[in-house]
Amino acid sequence: MARLLERIARFGYTHRLLVVLVWVLALVGAGATAALVPHQTTSKITIPGTEAQAALDQLSRTFPESNVDGGLAQVVYRAPEGTTVQDPKVAGAIAANAKALADAPQVAQVVPPAVSHAVSPDGRVAITQVRYAVTATEVDPASITALEDTSQRLEQRGFQVASGGDVYLQTPTIGGTELLGVVVAAAVLALTFASLLAAGMTLLNAVVGIGFGMAGIYVVSSVTELSSTTPLLALMLGLAVGIDYSLFIVSRFRRELADGRSGVDAVGRAVGTAGSAVVFAGVTVVIALAALSIVQIPIFTQMGLGASATVLAAVLIAVTLLPAVLGLTGDRLRPRAGGRHEARSGASLGERWGRWVTRRPWWVAIVSVLVLGTAALPALDMQLGLPDDGSAPVGSSQRVAYDRISDAFGPGMNGPLTVVVSTDPGRAPVETKAVQQDVSALPDVVAAQISGVNEDGSVGLLTVVPESGPSDPATEDLVTTIREHADGWQEDLGATVQVTGQTALNVDITDRMTAALPVYLAVVVGLALILLMVVFRSLVVPVKAVIGFLLSACVSFGTVVAIFQWGWAADLLGVTPSGTVMVMLPILLVGVLFGLAMDYEVFLVSGMREEHAHGATPRESVVAGMSGGARVVSAAAVIMTAVFAAFVTVDDPTIKPIAVALAVGVLVDAFVVRMTLVPAAMALLGRAAWWFPRRLDRLVPHLDIEGASLETGHRRAAQPAATG
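Being a predicted model, the structure only gives us computed values, none of them experimental.

Chemist: Just to check I follow, could you spell out a negative patch on the surface for this structure?
Modeler: A surface patch of negative charge is lined by Asp438, Asp487, Glu491 and Asp492. Summarising the element assignment, Asp492 is placed in helix 17 (residues 486-493). Residue classification places Asp492 among the exposed positions, given a relative accessible area of 62%.

Chemist: Hey, could you run me through the sheet that holds strand 10 (residues 459-466) in this one?
Modeler: Sheet strands pair by backbone hydrogen bonding; their relative direction is either parallel or antiparallel. Reading across from one edge, 9-10-8-11 is the order of the 4 strands in this open sheet, with antiparallel pairing throughout. Looking at the sheet topology across the chains shown, the edges are occupied by strand 9 (445-453) and strand 11 (496-500). Within the sheet, the average angular offset between the axes of one strand and its neighbour, ignoring direction, is 25°. Of the strands in this sheet, strand 8 (417-422), strand 9, strand 10 and strand 11 touch helix 15 (residues 428-440), which is tilted by about 170° from strand 9.

Chemist: Looking at this structure, how should I read the environment of Gln437?
Modeler: With respect to the helices and strands, Gln437 occurs in helix 15. Residue classification places Gln437 among the exposed residues on the basis of a relative accessible area of 51%. For the pair Gln437 and Gln449, spaced 12 residues apart in sequence, the C-alpha to C-alpha distance is 9.4 Å.

Chemist: Would you explain a nonpolar patch on the surface in this entry?
Modeler: A grouping of Trp362, Ile366, Leu370 and Leu684 is seen on the molecular surface, where their side chains present a nonpolar patch of about 430 Å² in accessible area. By the element assignment, Leu370 lies in helix 13 (residues 361-376). Assessed through its relative accessible area of 55%, Leu370 is described here as exposed.

Chemist: Would you mind going over the pattern of salt bridges with me for this structure?
Modeler: Pairing between side chains becomes possible if they bear opposite charge and their charged atoms approach one another. Within the structure shown, the criterion is met by 16 salt bridges. For Asp508, the salt bridge identified is with Arg483, shortest N-O distance 2.7 Å. Here Asp508 is found in helix 18 (residues 502-536), whereas its partner Arg483 is found in helix 16 (residues 473-484), with 25 residues between them in sequence. Each member of the pair, Asp508 as well as Arg483, is classed as buried. Among the ionic contacts, a cluster of salt bridges with common partners joins Arg3, Glu6, Arg10 and Asp265.

Chemist: Honestly, the packing of aromatic side chains in this entry has me stumped. Any pointers?
Modeler: Two measures describe an aromatic ring pair: the distance that separates the ring centres and the angle between the ring planes. With the rule as written, the count across this model stands at 5 aromatic pairs. Taking the centre distance of 5.4 Å and the plane angle of 80° together, the rings of Trp23 and Phe212 count as edge-to-face. On the criterion of sequence distance, the pair formed by Trp23 in helix 2 (residues 16-36) and Phe212 in helix 8 (residues 196-220) is long-range, its members being 189 residues apart.

Chemist: Which parts of the structure should I look at to understand the packing of helix 21 (residues 585-613) against helix 23 (residues 655-685)?
Modeler: Two quantities define a packed helix pair, namely the angle between the axes and the distance from one axis to the other. Helix 23 packs onto helix 21 with a crossing angle of 30° between their chain directions and a minimal axis gap of 10 Å. Taken as axis vectors, helix 21 and helix 23 run roughly parallel relative to one another. Handedness of the crossing formed by helix 21 with helix 23: right-handed. Across the contact of helix 21 with helix 23, the residue classes tally to 21 nonpolar, 1 polar and 3 charged.

Basis of the calculations
- Residues numbered from 1 in each chain as written.
- Predicted model: local features only at pLDDT ≥ 70, side-chain atom pairs only at ≥ 80, totals over all residues.
- Heavy atoms only, no water.
- Patch = residues over 30% accessible without salt bridge, like charges linked within 9 Å, V, L, I, M, F, W, Y side chains within 5 Å.
- Areas by Shrake-Rupley, 256 points an atom, 1.4 Å probe, with all protein chains shown as cover.
- Salt bridge = Lys/Arg side-chain N within 4 Å of Asp/Glu carboxyl O.
- Lys, Arg positive; Asp, Glu negative; His and termini not counted.
- Charge placed at Lys NZ, Arg CZ, Asp CG, Glu CD.
- Helix = DSSP H or I, 4+ residues; strand = E, 2+ residues; numbered from the N terminus.
- Buried < 20%, exposed > 50% of the residue type's maximum accessible area, 1.4 Å probe, protein only.
- Pairing = 2+ DSSP bridges.
- Axes fitted to C-alpha atoms, helices over the stretch in contact; angles between N-to-C directions.
- Contact = heavy atoms within 4.5 Å.
- Phe/Tyr/Trp six-rings, centres within 6.5 Å; stacked < 30°, edge-to-face > 60°.
- Parallel < 35°, antiparallel > 145°, perpendicular 65-115°, else oblique.
- Left-handed = near helix turned anticlockwise from the far one by under 90°.
- Nonpolar A, V, L, I, M, F, W, Y, C, P; charged D, E, K, R; others polar.

What follows is the structure in structure tokens.
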């Protein structure tokens, strides 16, 4: 592998103009194609194979006028002081408002309180339900603004008006956060390299990789519909690994120049060693992301594959375009007088840290594990769920509406269930009534009302209001209880009964994620163990790498539970504790963090493996690996932490916990696990760290990422024009 990448790098360096021209044409062609073809993106989330999704699909065919899968907004009115919503003037104003809401964009149906009887017992609060013609995530923000503007006109007449509902849980969009991440990255790179040219070149390659990968995603979206969140994850990951990979290679290139090598020899050795680590780190990231398809939710499959394509583009850019760009810089990246010391000043700090750790490995390992274990303890109490208006910021319209509904009607009114009764034509009215009576008698049910029957009388709908809130485990138990009664209704009435609606969908997606997480972990960790075994030719190092990652992930989970579930430091971050952790977080965190953690593992330990392969003692190889890799890993981790931390400022209940988890995970994994616990463990293991059975050694291919073949292989004479 090292020899192959060395030849590719030498070709790119010596034919720099040709390679750059090819990449420019490829980027322009991909960008032009992406701009010209139509894009098919959607915010709709489907969960195939679940009862809630099956019921929604059936309703779209047999009862389309119900719009059950459409987004729902609830406009909550509090009557002026001294009046009730039944007073003629107040009721007339609410009815007029409901009529005006029906003319708002994308609205399919408006149900005023006079029809739904959604009036609080004291007569002070009423609810108008607004059902949209599209799913909640497909409702245009302008439509929500129009709804708010229409409703808030009543405030001039003494009403208190607030609106909420699942339409407020929009697919997050990010504004200038990416730019902030790039600015932070540029500053850290400039400090790391002490060179604006090196920093700019590293960023340029990362941006080209992102552009190429994103263009490819949009081209694919012209032939198949993709989730609108796919480009977002691809952008985040593309920026992360693109900077990491270019940083690793440019740093190694400057070290080789500092050792007196010519430009072509330096780039060949840099890509042959650091580039090999980049290739295998990239493959590990791709495995973690592509395995998201295990969840069998289309949005996860698309996000994983889209981000994987961007990561592959970043790897390809790093080993082909980057050598050509390095060739264009000539000798300007070679350290000047005293430059070797400058280039290695950060590395000397890593070397000193490595020596300090390896002199007291037992204490360092024990303290590190205790600290990580303590920080991870809150994860034992993790409860999964989906965000709702109850987790919205205090003072926001949706939070005011949620609290007002809970106070006036009970928390269950914020998450009613929809029960679908399917039977023979003409029989739905009678059988729906029978199911209604049975459901009304179940525990945790406040009310069960017939909300509609389709035209041929084959489908009836029940709206069931639980006593408990949408995120309460009791509501999940109620969904399960109704489903358990379905067989009895099928036998007694001949009717098929299913539970759907936003709350039931949340229950189903939570069950799907909970069941998929162990399988996902097994696949990702298993494939990574095999890959790392091949890369490092060791059985111990891969196990150690995975254990370290699991510790980092548990700390991230613990941090999210403490902040978002328990409420620690919630005011500082502007978080409203919801009592649950977003259900998608564990799998997303595992996929993204595992890939980035393995980046740092491969780069640091490949340096140790390289020194070990060249004859260094175990302790010397650990110190040398830290000396060569600590600075760039630190820079990469600081950049990624800053990028993810910038997303914490986004006032969105979905993005904020992901940003916190990734920022903490990267920081902990890089500095506590990879640069503290790993060297301590390697020092304790000694030569046993590189134990590999001889029989297995003969079966596993030799990939040589440490560059041993570059030392013994034939060196081509550098061309005068290529030496810079």
